[in-house]
Structures are given as C-alpha cells and as structure tokens.
Amino acid sequence: MSRKFNFAFLLLFYVLPAREIMSSVTIQTTTIIPHSVGSSANDLLNNNRYNALVIEIQYMPGYAPDTNAIELVKNFLSTFLKKEGNISIVTREISGASASSLSADEIKAIENTNRSSFTSGSTMAVSVIYTNGQYTENANTLGIAYRNTSVALLGKTIHDNSGGFGQVSRTKLEATVHEHELGHLLGLVDLGSSMQVNHKDSVNGSHCNNNNCLMYYASETTDILSFLNTNNIPQLDANCKADLKANGGK
C-alpha cells in the first residue's frame, strides 16, 4: 500500500506542473477569411502547390490593355513570384457594362458571368477586368482588389487621365495601377503577407506608409498622376519586398 501511495503521489507531482505550464501558454494564430484579398498570397508567391500562373484579362470594348503595360506587369510578377512553370497573360474582350459606374458587387457579378480561367491542377489563375466605367464609391479610383484572385481596373478613368497631350503615359499609369492591385493579392500591406516591420499606413488602410512605394495608397487613385508626371513607375520598397520574401516569394 505504501509503494502504491508513493507512486500516485509522484505521478500527481509531475502531472500538475505540466498542466499549469500548458495553461499559461498562449498560442497566437492568424485568421484568414477564404477568398478574401490576400488570402491566397502564399500560394501565389511560392512554388509548392502551384508552379504556374495565368492572368486572364477581360476587357470591355474600347479598353483593351496597353501592350507595353502588360509586359511590365509580367516582369513584375516574374521578379517576386517563385513559379518554375510559366507565368502567362491572356486577354479577351467581353461585353461592356451599360451603367456609367460600377460597384464592387456589380464587378463581381461581371466576373462571375465572364471568367473562364480558374485555379486547377498545378496552375493558379487570376482574373483582371478592365471596365468601361468609373467606380461607384469614388470616381477617382483607378483600380480595386476585391477577391483573393480578382482585381479590376477602371478603364474609363485610366483612359480619361492618361495618353493625351500633357497627360501621363498610359503605359505608366496602367502598369502602376495593375501592379498595385496585384500587390494586394500578394498580401500587401498586412493582408496576408505578414509585416516584418510595421510600415502600414494607419490612415489609408492596407497600404504602405512610404509615399515612394508602389503600395502607397495614391497608386490606385488619380492622386498618383502628379508623381508619374515627373517619375517612373513606383517600385516596391524594402519593407514590402521583405514581406513578400518572408511569405514565400523571391
């Protein structure tokens, strides 16, 4: 009886401290909402699940993408994505919208009707829509990211503010907006690619606080026009690059 008592006592002595230690540990987890912007950042950046990427651009009549801008976008993706397979961009025309402005929900509905490229097998797919109207919430908006693999460029607003006499180059403006919105899909800023140091714009949400960075808020509004008049397409700064690399990118 004495030996049994001693064994039970010792067992209790070792088990209780272990429980106390475990109860004091707080496990931190990041909740990512499926299909939200940035939720597929890791899959887009690395080569583990998908080694290829196709960007499907659907444009409305009169708003075909600028050829040189598309090449710049492809170079941007090749710089930061680890895709041993091919990164390809395909374009096709879709019917124009009858409304002069579109909400995010209306753009989603257009994508639902027209999108033909979807993630399958070892290839990820991203949808890009070039609209023939403005954005309902803010007429100065040039682009939006609204799903994990979906963005839209407000084609009419981009055309109205570029390519003409005294205006910025359409190639520069279109590439800037396109790359900026893809940057959101890649998890910037703090959308799915964790910040290595805090560089989030506290006023403008999921954007970089560096006004020379591609992910500065102005890159998706007409506020970028004055910058592009005297500068080249903005690049990702060191903080944004670090975030992408830490999440599986180059």
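Just so you know, the residues in each chain are numbered from 1, in the order the chain's sequence is written. Reporting of local features is limited, given that this is a predicted model, to residues whose pLDDT is at least 70; pairs of side-chain atoms are given and counted only at 80 or more, and all residues count toward the totals for whole chains, interfaces and linings. Just so you know, side-chain values use all the structure's heavy atoms and leave hydrogens and water out.

With an unreviewed UniProt entry as reference, the chain is termed Putative Zn-dependent protease, source organism Chryseobacterium defluvii.

(A) Quick look at unusual backbone geometry. Here the residue pair leucine 188 and valine 189 is connected by a cis peptide bond, since its omega of -5 degrees sits within 30 degrees of zero. We count a stretch as a helix when DSSP gives it H or I for four or more residues in a row; a strand needs E for two or more, and each element gets its number in order from the N terminus. Note that valine 189 resides in the loop between helix H6 (170-185) and helix H7 (225-230). Despite not being glycine, aspartate 190 shows a phi value in the positive range, around 60 degrees.

(B) Structural detail: the sheet that holds strand S2 (residues 87-93). Strands sit in the order S2-S1-S4-S7-S6 across an open sheet of 5 strands; the sheet is mixed. One side of each edge strand has no neighbouring strand; the edge strands of this open sheet are S2 and strand S6 (143-147). Strand-to-strand twist of the sheet, defined as the mean angle between neighbouring strand axes without regard to direction, takes the value 20 degrees. Whether two strands pair depends on DSSP finding at least two bridges between them. Sheet topology places S6 next to strand S7 (residues 150-153); 4 bridges connect them, and they run antiparallel. The residue of S7 that forms the bridge with isoleucine 144 is alanine 152. Along the sheet, helix H3 (residues 67-80) contacts strand S1 (52-59), S2 and strand S4 (123-130); its crossing angle with S2, the most-contacted strand, is approximately 150 degrees. Two residues form a contact once any of their heavy atoms are found within 4.5 Å. Comment: axis = line fitted to C-alpha atoms, over the contacting stretch for helices; angle = value between 0 and 180 degrees taken between N-to-C directions. The sheet strands contacting helix H4 (residues 104-114) are S1, S2, S4, S6 and S7, and the helix crosses S6 at an angle near 65 degrees.

(C) Highlighting empty space enclosed by the protein. We place a 1 Å grid over just the protein atoms. Points where a 1.4 Å probe fits but has no way out form a cavity, open points with protein on both sides within 12 Å along at least 5 of 7 lines form a pocket, and any residue with an atom within 4 Å of a point lines it. Grid points are joined across faces, edges and corners, and a volume is the space filled by probe spheres set on the points. Throughout the structure, instances matching the rule amount to 1 cavity of 30 Å³ or more. The computed volume of the largest cavity comes to approximately 50 Å³. Within the residue set of the lining of the largest cavity, elements represented by two or more residues are S1 and H6. Side-chain classes are defined by residue name, with Ala, Val, Leu, Ile, Met, Phe, Trp, Tyr, Cys and Pro counting as nonpolar, Asp, Glu, Lys and Arg as charged, and the others, Gly among them, as polar. Considered class by class, the residues forming the lining of the largest cavity number 9 nonpolar, no polar and no charged.

(D) Structural context of H6. For a helix, the expected span equals 1.5 Å multiplied by the number of residues minus one. Helix length check: H6, at 16 residues, gives a terminal C-alpha distance of 23 Å against a target of 22 Å (1.5 Å per residue), a fit within 8%. Exposure is judged per residue with a 1.4 Å probe applied to protein chains only, and the accessible area is read against the type maximum: over 50% gives exposed, under 20% gives buried, and values in between give partly exposed. The buried fraction of H6 amounts to 14 of the 16 residues, a majority that puts the element mostly inside the structure. The positive-phi residue at the C-terminal boundary of H6 is glycine 187, with phi of around 95 degrees.

(E) Molecular detail of the state of the cysteines. Our working definition of a disulfide is a cysteine sulfur pair at a distance within 2.5 Å. Tallied over the entire structure, the rule returns 0 disulfides. Not part of a disulfide, cysteine 208 finds its nearest cysteine sulfur in cysteine 213, a span of 3.9 Å. With no disulfide partner, cysteine 240 has as its closest neighbouring cysteine sulfur the one in cysteine 213, 3.7 Å distant.

(F) Representation of the nonpolar core within the structure. Only buried Ala, Val, Leu, Ile, Met, Phe, Trp, Tyr and Cys residues count toward a nonpolar core, and they belong to the same one when joined by side-chain atoms within 4.5 Å. Counting 44 residues, the largest nonpolar core has Leu53, Leu77, Leu173, Met215 and Leu236 as its most contacted members. Looking at which element gives the most residues to this core, the answer is H3, with 5 residues.

(G) A look at the pattern of salt bridges. The rule for a salt bridge is simple: a side-chain nitrogen of Lys or Arg has to be within 4 Å of a carboxyl oxygen of Asp or Glu. Using the criterion set out here, one finds 7 salt bridges in the structure. Residues arginine 49 and aspartate 43 are paired through a salt bridge, measuring 3.1 Å at the closest nitrogen-oxygen approach. On the basis of relative accessible area, aspartate 43 is assigned to the buried category, the value being 16%. Between aspartate 105 and lysine 108 there is a salt bridge; the shortest N-O distance is 4.0 Å. In this pair, aspartate 105 and lysine 108 both sit in helix H4, 3 residues apart, roughly one turn of the helix. Classification of aspartate 105 by relative accessible area gives exposed; the value is 56%. In the salt-bridge network here, residues are joined through shared partners; they are Glu111, Arg115 and Arg147.

(H) Examining the pairing of S7 more closely. Going residue by residue along S7, you find Ser150 and Ala152 tucked away on one face and Val151 and Leu153 tucked away on the opposite face as well. In the sheet, S4 pairs with S7 via 4 bridges, with the strands oriented parallel. Bridge pairing in S7 links valine 128 to valine 151.

(I) Structural context of H3. Taking 1.5 Å per residue as the helical rise, H3 with its 14 residues ought to reach 20 Å, and the 21 Å between its terminal C-alpha atoms agrees with that figure. Among the residues of H3, Ala69, Ile70, Val73, Phe76, Leu77 and Phe80 are the ones counted as buried. Here the buried residues of H3 occupy an arc of 115 degrees about the axis, which is enough to place them on one side. In the analysis that follows, any N or O atom pair within 3.5 Å is treated as a polar contact, provided that within protein one partner can donate a hydrogen and the other can accept it, and provided that, for residues neighboring in sequence, both atoms belong to side chains. Sitting at the head of H3, aspartate 66 places a side-chain oxygen 3.1 Å from the backbone nitrogen of asparagine 68. Think of the arc as the fan of directions from the helix axis to the C-beta atoms.

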